[in-house]
Amino acid sequence: MTGDDVEGLLRALAPQVLGAVVRRYGNFATAEDAAQEALLAASVQWPREGVPDNPRGWLITVASRRLTDLLRAEQARRRREDTVARQVLPGEWLAPAADRPPPEPDDTLILLSMCCHPSLSTASQIGLTLRAVGGLTTAEIARAFLVPESTMTRRISRAKQRVKESGIPFAMPAGPERAARLGAVLHVLYLIFNEGYASTSGPSLHRGELSAEAIRLARLVHGVLPGDGEVAGLLALMLLTDARRPARTGPDGALIPMAEQDRSLWDARHIAEGVALVTKALSQGVPGPYQLQAAIAAVHDEAPSAEATDWPQITALYELLMRISDNPLVRLNHAVAVAMAHGAPAGLDLLGRLAADGRVAEDHRLYAVRAHLLEMSGDHPAARDAYREAAARTTSLPQQRYLHSRANRLT
């Protein structure tokens, strides 16, 4: 097995190992440190000596031994009877061996649920998810989000401490809270994917490592909950959107809008998988927002050309989505669909109403859409000004260059 194969195996096993250790011994932060050390040991040893017959059991055993060492060191430092009473060593627990299969199959989902606990900020949820479940190092996460490593270290450390202090049991909540927690998990994965696919700042239009990690984690959740329509919808949405990534930039990294992309570069396997997922999900009942967004992406991806896009169907899907999601960006995309289906004036009329929504009124995307529709309507001076205003409001350098180039064409 090559080093890349070992890395892929370890990435897949990481949440299972951490979940098993936390389930058996508690203490999320210490368990996470122990699991990381076990993964590091495997990354060094396995390429040289071969992968053991039971790689998951090997990792859990090594992590458990390291956890014992860490807890003993902590007890020795504190030397207080009350601390010792709380930090019972794993060997003193009356529990099955750590490398025995866990009684429940969804440790990954439970772990994601802990990382996305509502007591944490969104930024902390994202950082902790990528660290604990994704297996990324703090340095990798910091680079992906363009922040100093020290900042990300503090963010993740605070998140671990908050989880520890909250006393969250290692179990999925029941009833409505379970649905809410799953919703938080899907939202965090959605945010990670979006930041990877369309970076909000920095020199690159996308960060492939983030979108790839979001897809991987969505696959894990789908594997645990194969019958959940929204989980399938989110995975389908990611695949159908990411399928267009190879055609989104030119050789110089410049942004290429969908209407001008070479569709032969789109990933046909991702499209086929995404279409199959969303088709099955939509047949199972009332669709949720991720399923509807995936359906919209599927209409785009299945169109042989920009001119052949079924804009009336996309408009209808956005209208369904607006009924269940009070999101100004959904309304912004709906305005584009209406303009493409019924003409630029109809879309501009909707934008005029949307400009009063404070959640999007200052967003560069509103100005970019207005510029595009003004250009479609033939009002080039107003379109030029709107393109420049949009460029001034975005922090993404590729988007700035694209918007300025559109403005310059109309000079």
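These figures come from a predicted structure and were not determined experimentally.

Q: Is there a simple way to explain the overall build of the protein chain in this structure?
A: Helix and strand counts for the protein chain come out as 19 helices and 2 strands. Overall size of the protein chain, expressed as C-alpha extent along the three principal axes, is 75 × 45 × 45 Å. Expressed as a percentage of its 411 residues, the buried residues of the protein chain come to 50%. A fraction of 62% describes how many contacts in the protein chain between residues 6 or more apart in sequence connect residues 24 or more apart. The positive charge centre, built from 45 side chains, and the negative charge centre, built from 46, are 5 Å apart in the protein chain.

Q: For this particular structure, what's the right way to read the packing of helix H6 (residues 122–133) against helix H8 (residues 149–166)?
A: The geometry of H6 relative to H8 is characterised by a closest axis approach of 9 Å and an angle of 90 degrees between their N-to-C directions. When the axis of H6 is compared with that of H8, the two are roughly perpendicular. Only Met152, Arg155, Ile156, Ala159, Lys160 and Val163 of H8 make contact with H6, whose side of the interface consists of Ala123, Ser124, Gly127, Leu128 and Arg131.

Q: Explain the packing of aromatic side chains here, please?
A: The geometry of two aromatic rings is summed up by the distance between their centres and the angle between their planes. Counted under the stated rule, the structure contains 3 aromatic pairs. Each ring, one from Trp46 and one from Trp58, has its centre 5.3 Å from the other, and the planes form 65 degrees; the classification is edge-to-face. One end of the pair, Trp46, is in helix H2 (residues 28–49); the other, Trp58, is in helix H3 (residues 55–78), with 12 residues separating them in the sequence. Taking 5.8 Å as the distance between ring centres and 10 degrees as the angle between the ring planes, the aromatic pair formed by Phe193 and Tyr197 counts as stacked. With Phe193 and Tyr197 both in helix H9 (residues 175–197) and 4 residues apart, this pair spans about one turn of that helix. Per residue, the accessibility class of Phe193 equals that of Tyr197, and both read buried.

Q: Looking at this structure, how should I read H2?
A: Compared with the 32 Å implied by 1.5 Å per residue over 22 residues, the 30 Å span of H2 between its first and last C-alpha is a close match. Bending of H2 peaks at approximately 25 degrees at the position of Ser43, with proline Pro47 no more than four residues after it. Those residues of H2 that fall on the buried side of the exposure criterion are Phe28, Ala29, Thr30, Ala31, Glu32, Ala34, Ala35, Gln36, Ala38, Leu39, Ala42 and Trp46. Immediately beyond the C-terminal end of H2, within one or two residues, lies Gly50, with a positive phi of roughly 100 degrees.

Q: Would you mind showing me how to read the confidence of the model for the protein chain here?
A: A low pLDDT means the predicted coordinates there should not be read in detail. When pLDDT is averaged along the protein chain, the result is 85; 90% of the residues meet or exceed 70. This stretch, residues 80–85, has a pLDDT under 50; its non-local contacts, to residues over four places away or in other chains, come to 2 contacts. Of the regions scoring below 50 in pLDDT, residues 91–105 engages in 19 contacts with residues more than four places distant in sequence or in other chains.

Q: I would appreciate a short explanation of the nonpolar core in the present structure.
A: Soluble globular proteins tend to bury their nonpolar side chains together. Ranked by size, the top nonpolar core spans 96 residues in total, and within it Phe28, Leu59, Leu189 and Val221 carry the most contacts. Per element, the largest residue contribution to this core is 10 residues, and it comes from helix H1 (residues 3–25). In contact with Leu189, not counting residues within four places along its chain, are Thr129, Ala214, Leu217, Ala218, Val221, Leu234 and Met238. Ala371, Ala386, Ala391 and Tyr402 belong to the second largest nonpolar core, which has 14 residues in total.

Q: Explain the pattern of salt bridges here, please?
A: If the charged atoms of two oppositely charged side chains come close together, the side chains can form a pair. Taken as a whole and assessed by the stated rule, the structure comprises 20 salt bridges. We note a salt bridge from Glu273 to Arg219, for which the minimum N-O separation is 2.5 Å. Of this pair, Glu273 sits in helix H12 (residues 268–282) while Arg219 is found in helix H10 (residues 208–224), placing the two residues 54 residues apart along the sequence. Looking at Arg219, the relative accessible area reads 34%, which means it is partly exposed. When the shortest N-O distance is used, the salt bridge between Glu389 and Arg393 registers 2.8 Å. Taken together, the residues span about one helical turn, with Glu389 and Arg393 both in helix H18 (residues 380–393) at a distance of 4 residues. Overall, Arg393 belongs to the partly exposed group, its relative accessible area being 28%.

Each value, and the rule that gives it
Residues numbered from 1 in each chain as written. Predicted model: local features only at pLDDT ≥ 70, side-chain atom pairs only at ≥ 80, totals over all residues. Heavy atoms only, no water. Helix = DSSP H or I, 4+ residues; strand = E, 2+ residues; numbered from the N terminus. Buried < 20%, exposed > 50% of the residue type's maximum accessible area, 1.4 Å probe, protein only. Contact = heavy atoms within 4.5 Å. Lys, Arg positive; Asp, Glu negative; His and termini not counted. Charge placed at Lys NZ, Arg CZ, Asp CG, Glu CD. Axes fitted to C-alpha atoms, helices over the stretch in contact; angles between N-to-C directions. Parallel < 35°, antiparallel > 145°, perpendicular 65-115°, else oblique. Phe/Tyr/Trp six-rings, centres within 6.5 Å; stacked < 30°, edge-to-face > 60°. Expected span 1.5 Å × (residues − 1). Bend = angle between axes of the 7 residues up to and from the residue. pLDDT = per-residue confidence, 0-100. Core = buried A, V, L, I, M, F, W, Y, C linked by side-chain atoms within 4.5 Å. Salt bridge = Lys/Arg side-chain N within 4 Å of Asp/Glu carboxyl O.

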